[in-house]
Structures are given as structure tokens and as C-alpha cells.
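Here is how the chains run, residue by residue.
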Amino acid sequence: MSRLEDLEAFIHIAETGSLTKAARRLERTLQAVSRSLAALEEDVGVQLVHRTTRHSALSEAGETFFRRVKPALEEIGEARLEVADRRTAPSGTLRVGAPILFGPDYLVPVIAEYMRAYPQVEVDLQLTDSFVDLSGEGLDLVVRIADLPDSGLQGKRLGALRRVVFGAPSYFERHGRPAHPSELRRHACIVRTIDQRPSQWAFQIAGKPRNVGVRGAFRTNTMAAIYSAVSAGLGIGYSPMWQIRHLLESGQVETILEDFEPKPVPIHALWRENRLPPAKVRAFVDCLATRLKLDHL
């Protein structure tokens, strides 16, 4: 059976097109790499690499062998790293990205518990509502609330979050309580002007997604202003449930049209694809999955 060292030498020869460059990458002598290739070819019984004085190119059999062997070697490498990584406690700096409003109330308590459990870890929390690039921003992990397209990231689903319509009791006393989304056209609705479709609210009507047009005399560009306006009785708002939990618990607002809510929006912890997450990331994801309380949100 071929040694791992021989297979690794073959992979590097295939990728660099040179025994000399492969030896340099592996920090081995040219003679050692050449012996590894010869031993591998003798073991499989075919020539894998055509050699010249200046260049090495894969044979047809070598191309096939390379495609099959490289993923297997990567798996072995990751398994080695994982076993070695699990012997040590999480350490270093964990760089996390998350939405601005979600971070303080929901992530920071989990981070505090995580840091108490793993005192060798420092945490750098970057809050932004933009979908940042992990590599470009130097982040280990991001928490995103969205229906995600194929993003080139691996992740763990942490739950799903409701979107609700809400208003102040004082508003409902004066203007009544809508019983169907279509009735919102007769009410003062407060919209956020920076949304892509600010006057369109999403619902689930008769089992199908539907958008309902709304309007009102007051509009604004921030959710914070919407919450203040709704609490003051200026009109009806539309928001993720988790952002108004404090207003609901204090009785300042009430939700309506619960039977017509759109499908909840998933929330994920994401990290770079095709990369074994280090212990500090795995431990934090486990902590999020266990401690992040999203019930009824």
C-alpha cells in the first residue's frame, strides 16, 4: 500500500508541474520526492507523470488518479487536524459578525457565557447589517438573518424568526383592529423609506405568499423611529418580532394579523466552506445552538 508521503509528493508534483517545486513545498529533498513518485508508480503499476528536464506533466492515468486521490488526502488532513484540535481547549481571538440590533441583546449574553467557559479566547464582535465577506473582513463566523442563496459558506441553522404587524392599544381604540391584511389600506401604516419596496408588506394569504400595499402620513428611514411612532399611536408597523419583544412585554404594542404572517426568516451561523472550523469556532457554534433562545420569536 502506498505511503501517505508518496501520495502527498504526487499531489504536489501534479499541482506545481515540477518535482523541484514540489520538493520545495514539502521541504524535502528532490531525491526524496523522486523516490516517492517512483515508489507510487511501482505500487499502482502505471506511469503517473511524464518527466522532462524542465517540466513534469500528468499522464492520462495520472490525471484520473489525481482527481480521485486529492479529495481523499484532504479528508485525511482534516481528520488529523480535527483530532489534534480537539486535544486543546479553544483559544485565540474569535472574530464574529452579526446584525446591529441582534448583537447586543441576543449574542452578547451567549458570548459572555462562552468566554467564561473558555477563558483563553478573546472575542471581537463586529456589528453591521451588511452581508460582509468573511475573508475580506477577517471574520471567523457570521450570524445572518435571511433566506440565503448559495453563498460559498458552510453553516448551522439556529432557528427562524417571525415578522409581525403591530400597533399601540391607543391606536386600535381609535381606529379599530384590522382582521385581514387587505384592511391595512384603510389604516395609517408606518413604512421604512430605505426598504427596497417600502410600501409593500409580505403576508401568507390562502396558503400563498402575497404582498399588500400600505401607506400612511408618517414615514422614516430607521426602525427605532418606527417603534417610537407606533408606540405613540401614530399608526401600524411591520417588523421582525425579536426587535419589538421589549415593547410587547411592556404592553406598549400588540401584534395583529398573526394568522397571515409570512414564513419565518431563517437565522444561521456561517463560516467558510471547505475549511475545517477550528475549536474556537466549533465551540461557539455549539454554544449558540444550545443557548440562543429564539422561542416564539
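Since we're looking at a predicted model, the values are computed, not measured. (Residues numbered from 1 in each chain as written. Predicted model: local features only at pLDDT ≥ 70, side-chain atom pairs only at ≥ 80, totals over all residues. Heavy atoms only, no water.)

Draft legend 1. Fine view of empty space enclosed by the protein. Inspection of the entire model under this criterion finds two cavities of 30 Å³ or more. Put simply, the second largest cavity is a space of about 30 Å³. Of all the secondary-structure elements, those providing two or more residues to the lining of the second largest cavity are β7 (163–167) and β9 (200–205). The greatest single-element share of the lining of the second largest cavity, amounting to three residues, is contributed by β7. In terms of residue class, the lining of the second largest cavity is made up of eight nonpolar, no polar and two charged. (1 Å grid on protein atoms, 1.4 Å probe; cavity = no way out; pocket = protein on both sides within 12 Å on 5 of 7 lines; lining within 4 Å. Points joined across faces, edges and corners; volume = space filled by probe spheres on them. Helix = DSSP H or I, 4+ residues; strand = E, 2+ residues; numbered from the N terminus. Nonpolar A, V, L, I, M, F, W, Y, C, P; charged D, E, K, R; others polar.)

Draft legend 2. Broad picture of the environment of R291. Mapped onto the elements of the fold, R291 is located in helix α10 (residues 279–291). Sequence-wise, R291 and L127 are 164 residues apart; in three dimensions their C-alpha atoms are separated by 20 Å. In this structure, R291 is in contact with V110 and E113, ignoring residues within four places of it in sequence. In terms of polar contacts, R291 uses its side chain to reach the side chain of E113, at 2.7 Å. (Contact = heavy atoms within 4.5 Å. Polar contact = N/O pair within 3.5 Å; in protein donor to acceptor, adjacent residues only side chain to side chain.)

Draft legend 3. Fine view of unusual backbone geometry. Although it is not a glycine, A206 sits at a positive phi angle of roughly 55°. Its place among the elements puts A206 in the loop between β9 and β10 (208–213). Residue A206 is classed as exposed on the basis of its relative accessible area of 76%. Unusually for a residue other than glycine, L257 sits at a positive phi of about 55°. Looking at where L257 falls in the secondary structure, it is placed in the loop between β13 (254–256) and β14 (265–272). (Buried < 20%, exposed > 50% of the residue type's maximum accessible area, 1.4 Å probe, protein only.)

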